[in-house]
Structure formats: structure tokens, C-alpha cells
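Each chain is listed here by its residues.
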Protein chains: 2
Amino acid sequence: METTTDIASDFLYLRIAKNFEDQILKNVLRIGDKLPSLRSICRQYEVSQTTAMQAYYHLESKSLIESRPQSGYYVSNSPKRFPMVPQTSKPGHLDNNNLEDIITTVHNHRQENSKIINLSLSAPAPELLPLAKLNKSMINAMRQLPANGTSYEHVQGSERLRRQIARWSHNMEAGLTDGDIVTTAGCINAVAYALTALTQPGDSIIVESPVYFGILRMAKSVGLRVIELPTNPQTGIELEAVKKTLETHKIKLCILVSNFSNPLGSCMPEEHKREMVNLIQKHNIPLIEDDLYGDVYFGANRPKSCKTFDQSGLVLWCGSVSKTLAPGYRVGWIAPGQFKDLVIKQKLYNTVSSATLTQEAVAGFLETGRYENHLRKLRQALHGNSLKFSRAISDYFPESTKVSRPQGGFVLWVEMDKRINTLDLYEKAIRNNISIAPGLMFTLQKQFTNCIRLSFGITWNEEVERSLKILGAIAKSYLPSGA
Amino acid sequence: METTTDIASDFLYLRIAKNFEDQILKNVLRIGDKLPSLRSICRQYEVSQTTAMQAYYHLESKSLIESRPQSGYYVSNSPKRFPMVPQTSKPGHLDNNNLEDIITTVHNHRQENSKIINLSLSAPAPELLPLAKLNKSMINAMRQLPANGTSYEHVQGSERLRRQIARWSHNMEAGLTDGDIVTTAGCINAVAYALTALTQPGDSIIVESPVYFGILRMAKSVGLRVIELPTNPQTGIELEAVKKTLETHKIKLCILVSNFSNPLGSCMPEEHKREMVNLIQKHNIPLIEDDLYGDVYFGANRPKSCKTFDQSGLVLWCGSVSKTLAPGYRVGWIAPGQFKDLVIKQKLYNTVSSATLTQEAVAGFLETGRYENHLRKLRQALHGNSLKFSRAISDYFPESTKVSRPQGGFVLWVEMDKRINTLDLYEKAIRNNISIAPGLMFTLQKQFTNCIRLSFGITWNEEVERSLKILGAIAKSYLPSGA
């Protein structure tokens, strides 16, 4: 039923949650029943309020319980109705030669047709963004900057923005200062600088599997060998696999989306992050940590990052506001640790400096309390969406369908019956004006042909629900008697 | 006296100008004498008004004549007082191992000290930019764009901006359409995408000598072999040298700043451009044409580009508004010819899309007549500055000093007595709060140690004149009895 059993013993909040989950499974607690207050959980288990909340958030994210304002937590769902989580991936050996074609097809379809229901873009819809306040920040930036922001900026990037990024990163306790940070044109641009600064054609790198296609195609374009490792939809890359690969292969570096990975939605537990950093330190290998979803958590606190545990400066921590504020501003950053000079050179050579105005507008926005307010709303909306999507999949998709249970981010990973070819399903969906991301987009190997990624970063409405219903019906059509 | 004699016979306007230059040289025409009206030139030589104007612009740019409003043209200067133009460069074989250090030193000095007189940055001072109107364009862009410009844009870039770039490029008759153009984060970013899309480490490329240091360090960072070829301060790269190198070496591509090159200020005559394109077509080799100064001409018309004569799609034409509107906006472009798909992929992989707002603001500005108005003023200011700088050098620098006579752009190339070491001169200048660019910044070889580049893209005032006087005094201090 539940793949987290083996790690539950490591975490107090998971143990508490497991206790309630068992009661719900055994029908001791039934739909509609009220759960103990947070305060009584604290007393009963002798834990902090935070741990108690984490336990409830965990149950909530599994749609087992739900909170009602000014009232408390209630059992919301029978777990039997809820889809299972996919198993840890097992990358194979057959090549996926169509990656580039598939990505291009999905991109083009989406752009050619404005009527499309977009379930394939991992980004927030404009309705979820604080547009008016951002505009104000931009106008202020224009007024305040010397020469109205038309002059070249220092190559390391706006000092004001770097200070704000350092301030925000305190939530993950990495102890960064503005001097540690270099601004970039989005997070993928940060990853690109890191990758080109640190590798030569022919080098081997480690990634998760499935993994964001942008990382795959960039690695391929600079001639790298990509090793995809088994990854758990809840806890991220399998550390045993990392360990073994580092011992048996000559690896140049690792790239991980440590928090709410794309497309799995996995979040490495703190202990895994610490262990991962130990491993790279032991082998003296850099880790590019793509942490662009870290602020979009559904739990009580921002998860830590691998950078939090980095003593050696081997972790290059990358982020952006593309998933939380303004994709089109192209504002991202990197804290490159010991590789700072190399990364700055890459930036200098490729573009001299960042666009001054957009950075400054973001800095202005972060300086106020607006960002936290906005993030709170954004997280609530996305968490709600993830639950609604999961329920709709449970209602409309074939019974055997498994769905990831992300604790943050924008995407669900849906694994269906092996007989369902999602490239074919994609074609049928697009004819119904629904855009999804087929599983083959996230691997250089022949796998995930029965998987899709669904993005829930849009406003939930009847049209979205109808789209999921149509997707489910298409999926069922591949199975005998629509099972 | 004059190095253009050999090419003068090729160009009607140069022949007319030569005629007057001879008369001035022989004291037939003397300082203060009035020249024939443009109309009488047209009648006398049976040429168009444009050709007549070109002849006078040419003489004006050499400070031989000057125009007085509502009155006409007058002999302004004795050529004997005016510095000679440097000879064609002769790249040698000794390595310049300090390139990176020198660039970094110059950058850092400039940024550490706000009191510095900046004669080392090839960009327009804010006073020369239409800031208020640009701000309006930006605010309009924010209002008009869907989601206020926060959404990801099509990877090829703003259609509105691409249409405007195509429209403007009609001035050089290259027949480009919006579909031919890809937007980038500045011109160097365009060159970077072209270079990484088309080369592998170990490939050889051809460049001018001296050449913009940004091209050198980028080429080095991706592991290319750089072949610097002899370049004439008036007419650009020597075509004989190009021809010979293409015949004897395996060359992957060429990079040229065809119009008002940096640092020489040379402008390839139309015939040279045509011949250059013939050469690359014969050898089937791409040409990256860095044309970011083309709109800042001092003559009557925008010079054509190599792209104008490109039938095969081998020319990748790059430009930006960094030298004319807003360096800090990071808005540039490339028309990559037959390599469009490759360049688009580079952009997609490295940054997904451009910043939406700054592109749109520039598009809005270009749509009005404002850009042409602004350019006219900018050109006048820069042309005036170039003459004032030349005169000051003639007044204050050692007599043997040679200076380029750019027909556009932002920079003068100053060649001094061989005994003057400009790295040492740089150190002394910076102690006087004057920043210049030493010659060694523009080569991977041990040459130009007696040269400096001076940027005249600033507002001329007494402080600037005093700085040039100080520079001249420092230069004289290296010579016996301050010759």
C-alpha cells in the first residue's frame, strides 16, 4: 500500500502520521471523524508543534485528512479510493532516440493552439502571480536605478537582489551571503553555466530517473554521458545506487532536483541530503543542486537543501523566481561554492551581465513582506490543486493507475497500465485540445512509455476536470472492457 | 600621409574627397576657405547628392573640413597637424599570456572607483540615451503584454521585436524578415550561441587583429585555436590574408566586426564585404558577423554588411541595442541563416527564452520614429567627440602618435612610440583616475604593447580634455626630453 514504511522509522513525524494512517486503513477512524488537536498531539507524543504539524501535513498531502478553518483536522478520504504511488524507477539499457522530437512536438503543439488546456508546462498560471505588485516594483526599479536601469551591471549581478536571495536562503539554513551568489537568466541558465564550467565532452554525469528533459538535452548538447539512476517518487534518488556508481565509474558531477523534483515530485529527506553530500565529498565530485521548487512546499517549512550540509563548497545551488513570481523575467541565481570564479567567467563570456531592471524589480519585491504572503497563497492553491488532480485521476483513470504524492511543486507523475502507450495517448489528447507531457520526455532510455507528467499549476475549474475525465477515458480505451 | 590611396580609385566618393584633400595638402585650399556647394559637386562630377555628401563626410571625419549650419563646408584644419593613421597590423608569433589578468584588472579598477574618467568602456554614456522615452516604452510594454510580461516567451523571441529588427535591417539591404531573426541577451550572447553551435574544441577560427577581447576569451574558453589576421585601420581585415589562410589551413569559421570594428574602428568597404562572402562561400565556411556598431555611422548612410551579399545563408549576422539604446536591457539578436535551428536550440537549452519585457520595450521604441531621431543625435555627438579626441591627442600626445580615423562607433585606436609600454602607462593613468584600455587586451599575441584604445562615447567636457592632457604627459614622460 505504502512505500514509505521502510523510512518511517527514521522520522518522528512520519511515525505519528503512520499511526493515524493505520487507524484510517483499519476503519478505526472513518471519513468525517475529527482528529486530535495539534496541542494534544504535542502532549501525547512529546513532540514540538512543528513535528505535529508535519505529521498532519503529511496525512493531508496524501488526502487522508483535511483541515477545516477554525475547526481542526478531519478524516477526508478512504485510502482505498486513493491511487497508489509508483515504485522506484529502474532505468534500463534501451535508448530513447526520440527525445528531441518529442520535446519539440509538445512545445509546438502548445504554442500553435491557444485554446489548449495546458497540463504540460511546469509553471504557475498568471492568475496565481502577484502581477500588479510586480509591476509596481518594476516601475520603482526604473525610477531608482542610475540611468533608469539602462547601464551594464556588475557581472556577479544586482547586489540588492543577491542580498535578498541570501536572506531568503536562510530558510534552509545554508548560511549564504550576497557574496556567495551569482545572478543568472533563470535556473536552467544557472545549471548551464555550472555544467559548461565543470565538464568536458565525454565526461559522465549522474542524474535522477525520470529527470527534467532540459537537463538531459543540455547534457547531450555538450557531449556528456548521462547515467540515470533509480529514483523513488517520495524520497528521490536512491543513495545506494549513487554510492555504487561513484565507486565503479569515473563520474564528473551529479545533478539533482533535491526538492519536489520534476517530474516525480520527490523530496529528499534531510538524512538523504546529508548522506548525499558526504558521498560527493568523499569522491570530491561537484553536485549541481537544482532547487527551483524549494519554496513551493506544501508542508510546514521549507525543506533544507544539500547546500545546507555542504562544508566543502562542492555543491552549486541553483534557484530562480520562474516558478513563483515571473517566468518571463528570467531571473535566477547560483551559489557556486568553490567554483564561483569559473561560473562568473561563464556568465561574463556569454552575456557580460544580467538585465538590470528585472533583477531590481524582483529584489524590490523580495524586500517587502509581499513575497511570503504571495508564496503562502501560491502554496495553498497548488496543494489544493494537487489533491483535486489526484482525486480526479482516482475517479476517471483506469483503476490500476498510480500517482505520485508530491509534498510541493507543480507536477504529478502518473504511471498507468503497461499496455497504455502515452505517446499515442498524447496524440489523442492533443486532438482534444489537452496538452500533457509523455513519460519518454524524461529519459534517454526506453522507459516510462506508460507514464505521463501532469502539471497542476493552473486554476482548477470544470474545464480542467473535464479534461482529466477525457484523459481518463482515452487511457481506459487501451484496456479490454475499459478496465 | 594617407593609407587609403590604394583603394581610393575604387570609390567615387573617395576619389572626389581625394581631390579636395590634395588641394588642402598643397595649400591650394586654406583653413577657412569655403568649399563648393553639394549641388555644384553633383554637377561637376556628375554624381548623386548622396555621393557628394559621402565625399564631404569623409573629409569631415578626417577633420579636414567642417560644416557650418546654413552656410556650407569650410576647410578646418591643416592635415599636417592631424595625427597619422596606424599601419595595417602584422600579428606575430609570441604569446600574450596575460590577457585574462589584464581584462580583469581593467574591469575591477573601473568598478571600484566611481570617480574614474572612463575612457575604456565601448558604450554610450547615459546622457546620450533617450531614457525618459525608453521608460515610457517599458511601461507600455508592461501594460500591453499578456500577464504583464511575466510569462515565458517563444524561444525565437518577441515577434514584435523581430519585425522591427527586420525593418531596420532594410537599411543595409539584407532582405531579412522576422522569421530569419532570433533574439538574444545582447550581441555577445548572439556570438556565443553561434560559436558554441558551430564549433568543437580544437577547431581553428579566423579573427581580426587587434580584435575585441570578448571574442578572444570566449573562443579560448570553448577550446578554439584563434588565428589573428592582419587588419587595416580603415578597411578592416586583409582579404589576401584571409584567402591564403583559408587555402592553407583547416578553418572552421570566421568572426568579423565588419562595421566600425572594435578597437580599430575600421569599416570594410562594400567590395571587401562582397569578396569576403565569396571567399567563405567558396570554402563553405560560416562567417559570424558582429555588426553591433553598424547603426552608429558618421557618414551619410548605414554601411552594408556582409549579410547583404550572403546568398548561401553562411553569414550569421549579430546585433544589439547595447550601443545605441540600453546596454543594461540585454537585448540583442542574430540572423543565423542556414544555422537557425542550431542557434535556436542553443538558446533553448541555455535559458529557455529571453526576458519578455525588455524586448517588448525596445520593440515599442523602434516602432515609432524615435529611434531614427535618437540615432541622428547620437551619431552627431559621437562624430563630434571623435574629432575632439583626435585633436586633443594631436595637441597633447607625443608627435609620433598615430590615431585611427573611424567612420563610426565609439573608439579610437592610438599607436604610440615603441618605447611606450601601455601596460605601465595604464597603471599610471589609473592612479590619476583615468581608465584606458591597453593594447594587449586585444590580442592573444605579444603585440600592441605601445597601443591603447580610447572610448569617446562620453560627454565631452573640460575634465575629459584634462584627462587626455594628463595621458599625453604620461606618454611623453617615456621619451627622451619628452619628444
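Residues numbered from 1 in each chain as written. Chains lettered and ligands numbered in written order. Predicted model: local features only at pLDDT ≥ 70, side-chain atom pairs only at ≥ 80, totals over all residues. Heavy atoms only, no water.

A.B. asks: I would appreciate a short explanation of the overall build of chain A in the present structure.
C.D. replies: Along chain A, the regular secondary structure elements total 16 helices and 16 strands. Taken against the 2.2 N^0.38 rule, which gives 23 Å for 483 residues, the C-alpha radius of gyration of chain A at 22 Å falls within 12% of a compact globule. Summarising its shape, the C-alpha atoms of chain A cover approximately 65 × 55 × 50 Å along the three principal directions. Contacts in chain A between residues far apart in sequence, at least 24 positions, make up 75% of those at least 6 positions apart. Of the roughly 18500 Å² of accessible surface on chain A, 47% is carried by carbon and sulfur atoms. The distance from the centre of the 56 positive side-chain charges to the centre of the 46 negative ones in chain A is 3 Å. (Helix = DSSP H or I, 4+ residues; strand = E, 2+ residues; numbered from the N terminus. Rg over C-alpha atoms; globule rule 2.2 N^0.38 Å. Contact = heavy atoms within 4.5 Å. Areas by Shrake-Rupley, 256 points an atom, 1.4 Å probe, with all protein chains shown as cover. Lys, Arg positive; Asp, Glu negative; His and termini not counted. Charge placed at Lys NZ, Arg CZ, Asp CG, Glu CD.)

A.B. asks: Explain the relation of the copies chain B and chain A here, please?
C.D. replies: The pair of chain copies shares a relation made of a rotation about an axis and a shift along it. For these two chains of identical sequence, chain B goes onto chain A by a turn of 180° and a shift of 0.0 Å along the axis, with RMSD 0.1 Å. Interpreted geometrically, this transformation is the action of a two-fold axis. When the interface residues of chain B are mapped onto chain A, 100% of them again lie at the interface, so the same face is used by both copies. (Least-squares fit on C-alpha atoms with pLDDT ≥ 70 in both.)

A.B. asks: So what exactly am I meant to see when it comes to the pairing of strand 6 (residues 225-232) of chain B here?
C.D. replies: Along a regular strand, successive side chains alternate from one face of the sheet to the other. Residues and elements named next belong to chain B. Most of strand 6 sits inside the fold, with six of its eight residues counted as buried. Note that strand 5 (residues 204-209) and strand 6 share six bridges and pair parallel. Looking at the pairing, Ser209 lines up with Pro230 of strand 6. Pairing analysis gives two bridges linking strand 6 to strand 7 (residues 236-237), with the strands arranged antiparallel. The partner of Asn232 across the bridge, within strand 7, is Gly236. In textbook terms, the turn of a hairpin is the stretch between consecutive antiparallel strands, and for strand 6 and strand 7 this stretch comprises three residues. (Buried < 20%, exposed > 50% of the residue type's maximum accessible area, 1.4 Å probe, protein only. Pairing = 2+ DSSP bridges.)

A.B. asks: I keep staring at the packing of helix 10 (residues 239-248) of chain B against helix 11 (residues 270-283) of chain B and nothing clicks. Help me out?
C.D. replies: For any two helices packed against each other, the geometry is given by the interaxial angle and the distance between the axes. Residue and element names in this part refer to chain B. It is the contact of helix 10 with helix 11, at a shortest axis distance of 11 Å, that shows an interaxial angle of 0°. In terms of orientation, helix 10 lies roughly parallel with respect to helix 11. Side by side, helix 10 and helix 11 meet where Leu239, Val242, Lys243, Leu246 and Glu247 of the first sit next to His272, Glu275, Met276, Leu279, Lys282 and His283 of the second. (Axes fitted to C-alpha atoms, helices over the stretch in contact; angles between N-to-C directions. Parallel < 35°, antiparallel > 145°, perpendicular 65-115°, else oblique.)

A.B. asks: Explanation requested: the environment of Gln380 of chain A in the structure shown.
C.D. replies: In this fold, Gln380 of chain A is placed in helix 14 (residues 370-396). For the pair Gln380 of chain A and Cys318 of chain A, spaced 62 residues apart in the sequence, the C-alpha separation amounts to 24 Å.

A.B. asks: Please explain the environment of Ile285 of chain B as it appears in this structure.
C.D. replies: All names here are of chain B. In this fold, Ile285 is placed in the loop between helix 11 and strand 9 (287-290). For the pair Ile285 and Ala197, spaced 88 residues apart in the sequence, the C-alpha separation amounts to 14 Å. Here Ile285 is in contact with Leu246, Ile251, Lys252, Leu253, Cys254, Ile280 and Leu314, once residues within four sequence places are set aside.

A.B. asks: How should I be thinking about helix 3 (residues 38-45) of chain A in this particular structure?
C.D. replies: The periodicity of an α-helix, 3.6 residues per turn, causes residues three or four positions apart to be oriented the same way. When helix 3 of chain A is considered as a whole, its buried residues turn out to be Leu38, Ser40, Ile41 and Cys42 of chain A. Immediately beyond the C-terminal end of helix 3 of chain A, within one or two residues, lies Glu46 of chain A, with a positive phi of roughly 55°.

A.B. asks: Whenever I open this one, the interface of chain B and chain A confuses me. Can you help?
C.D. replies: How big an interface is tends to be stated in terms of the accessible area lost upon association of its parts. With 46 residues of chain B at the contact, the number on the chain A side is 47 residues. Overall, the association of chain B and chain A removes approximately 3900 Å² of surface from exposure, summing both partners, and the carbon and sulfur fraction of that is 61%. When the area that chain B buries against chain A is broken down by residue, the three leading residues are Thr150, Tyr152 and Tyr349 of chain B, summing to 19%. Summed over the shared surface of chain B and chain A, the number is zero salt bridges. Applying the counting rule to chain B against chain A returns 18 residue pairs in polar contact (both at pLDDT 80 or more). Residue assignment for the side of chain B that touches chain A shows that the elements contributing at least two residues are helix 5 (99-112), helix 6 (131-144), helix 8 (187-198), helix 9 (213-221), helix 12 (340-351) and helix 13 (356-367) of chain B. Sort the elements by how many residues they give to the side of chain B that touches chain A and helix 6 of chain B lands first, with six residues. Across the side of chain B that touches chain A, the residue classes tally to 25 nonpolar, 16 polar and five charged. (Buried area = accessible area lost by both parts, 1.4 Å probe. Salt bridge = Lys/Arg side-chain N within 4 Å of Asp/Glu carboxyl O. Polar contact = N/O pair within 3.5 Å; in protein donor to acceptor, adjacent residues only side chain to side chain. Nonpolar A, V, L, I, M, F, W, Y, C, P; charged D, E, K, R; others polar.)

A.B. asks: Explain helix 6 (residues 131-144) of chain A to me, please; I cannot follow it from the model alone.
C.D. replies: Here helix 6 of chain A spans 20 Å end to end across 14 residues, near enough to the 20 Å set by a 1.5 Å rise per residue. Every buried residue of helix 6 of chain A is listed here: Leu131, Leu134, Asn135, Ser137, Met138, Ala141 and Met142 of chain A. Buried residues of helix 6 of chain A, viewed axially, fall in a sector of 160°; they line one side. Away from its buried face by more than 90 degrees, helix 6 of chain A exposes Ala132, Lys136, Arg143 and Gln144 of chain A. Elements that come into contact with the buried residues of helix 6 of chain A comprise helix 13 (356-367) of chain A together with helix 6 and helix 13 of chain B. (Expected span 1.5 Å × (residues − 1). Arc of directions from axis to C-beta.)

A.B. asks: Looking at this structure, how should I read the sheet that holds strand 12 (residues 402-403) of chain A?
C.D. replies: In any sheet, the strands associate via hydrogen bonds between backbone groups, in a parallel or an antiparallel arrangement. All names here are of chain A. Read across the sheet, four strands follow the order 12-13-16-15 without closing on themselves; strand pairing throughout is antiparallel. In the strand order of this sheet, the two ends are held by strand 12 and strand 15 (437-438), each with one partner. Pairing of strand 12 with strand 13 (residues 411-415) involves two bridges; the strand directions are antiparallel. Within the sheet, the bridge partner assigned to Lys402 lies in strand 13 and is Glu415.

A.B. asks: What's the story with the domain arrangement of chain A in this structure? I'm lost.
C.D. replies: Domain annotation of chain A identifies domain 1 (1-80) and domain 2 (131-370). For domain 1 of chain A and domain 2 of chain A, the distance between their C-alpha centroids amounts to 33 Å. (Domains from an automatic or database assignment.)

A.B. asks: Would you mind showing me how to read the confidence of the model for chain A here?
C.D. replies: Low pLDDT marks regions whose predicted coordinates should not be analysed in detail. Mean pLDDT over chain A: 91, with 96% of residues reaching 70 or higher. Throughout residues 1-9 of chain A the model reports pLDDT below 50, and contacts reaching past four residues in sequence, or to other chains, amount to 16 contacts. (pLDDT = per-residue confidence, 0-100.)

A.B. asks: Just checking my understanding: could you explain the pattern of salt bridges for this structure?
C.D. replies: Side chains carrying opposite charge are able to pair once their charged atoms draw close together. Residue and element names in this part refer to chain A. Taken as a whole, this structure holds 30 salt bridges over all chains when the rule is applied. Notably, a salt bridge pairs Asp291 with Arg302, separated by 2.8 Å at the nearest N-O pair. Of this pair, Asp291 sits in the loop between strand 9 (287-290) and strand 10 (315-320) while Arg302 sits in the loop between strand 9 and strand 10; the two residues are eleven residues apart in sequence, bridging distant segments of the chain. In terms of burial, Asp291 and Arg302 fall into one category: buried. For Lys428, the salt bridge goes to Asp424, with nearest N and O atoms at 3.3 Å. Taken together, the residues Lys428 and Asp424, both in helix 15 (residues 422-431) and four residues apart, mark about one turn of the helix. Exposure remark for Lys428: the relative accessible area of 31% places this residue in the partly exposed category. Three or more residues are tied together by salt bridges with common partners; here these are Arg160, Glu360 and Glu367.

A.B. asks: I tried to follow the packing of helix 3 (residues 38-45) of chain B against helix 4 (residues 49-61) of chain B on my own but got confused; where do I start?
C.D. replies: Residues and elements named next belong to chain B. For the pair helix 3 and helix 4, the least separation of the axes is 9 Å and the interaxial angle reads 110°. It follows from the interaxial angle that helix 3 and helix 4 lie roughly perpendicular. When the axes of helix 3 and helix 4 are compared, the crossing they make is right-handed. Between helix 3 and helix 4, the residues in contact are Leu38, Ile41 and Cys42 and Gln49, Ala52, Met53 and Tyr56, respectively. For the contact of helix 3 with helix 4, the per-class residue count stands at six nonpolar, one polar and no charged. (Left-handed = near helix turned anticlockwise from the far one by under 90°.)

A.B. asks: What is the right way to read the packing of aromatic side chains from this model?
C.D. replies: Any aromatic ring pair is given by two values, namely how distant the centres are and how the planes are angled relative to each other. This structure, assessed with the given rule, holds 24 aromatic pairs over all chains. Considering the side-chain rings of Phe20 of chain A and Tyr56 of chain A, the 5.8 Å spacing of their centres and the 80° angle between planes classify their relative orientation as edge-to-face. Within this pair, whereas Phe20 of chain A is found in helix 2 (residues 12-25), its partner Tyr56 of chain A is found in helix 4 (residues 49-61), the two being separated by 36 residues in sequence. Measuring from ring centre to ring centre gives 6.4 Å for Phe365 of chain B and Tyr371 of chain B, while their planes differ by 80°; the resulting arrangement is edge-to-face. Neither Phe365 of chain B nor Tyr371 of chain B differs from the other in exposure class; each is buried. Among the aromatic residues, ring-to-ring pairing joins Tyr212, Phe213, Trp413, Phe442 and Phe448 of chain A into one connected group. (Phe/Tyr/Trp six-rings, centres within 6.5 Å; stacked < 30°, edge-to-face > 60°.)

A.B. asks: Looking at this structure, how should I read the sheet that holds strand 13 (residues 411-415) of chain B?
C.D. replies: Judged by pairing direction, the sheet is antiparallel, and its four strands sit side by side in the order 12-13-16-15 (chain B) without closing on themselves. The outermost strands of the open sheet, each flanked by one partner alone, are strand 12 (402-403) and strand 15 (437-438) of chain B.

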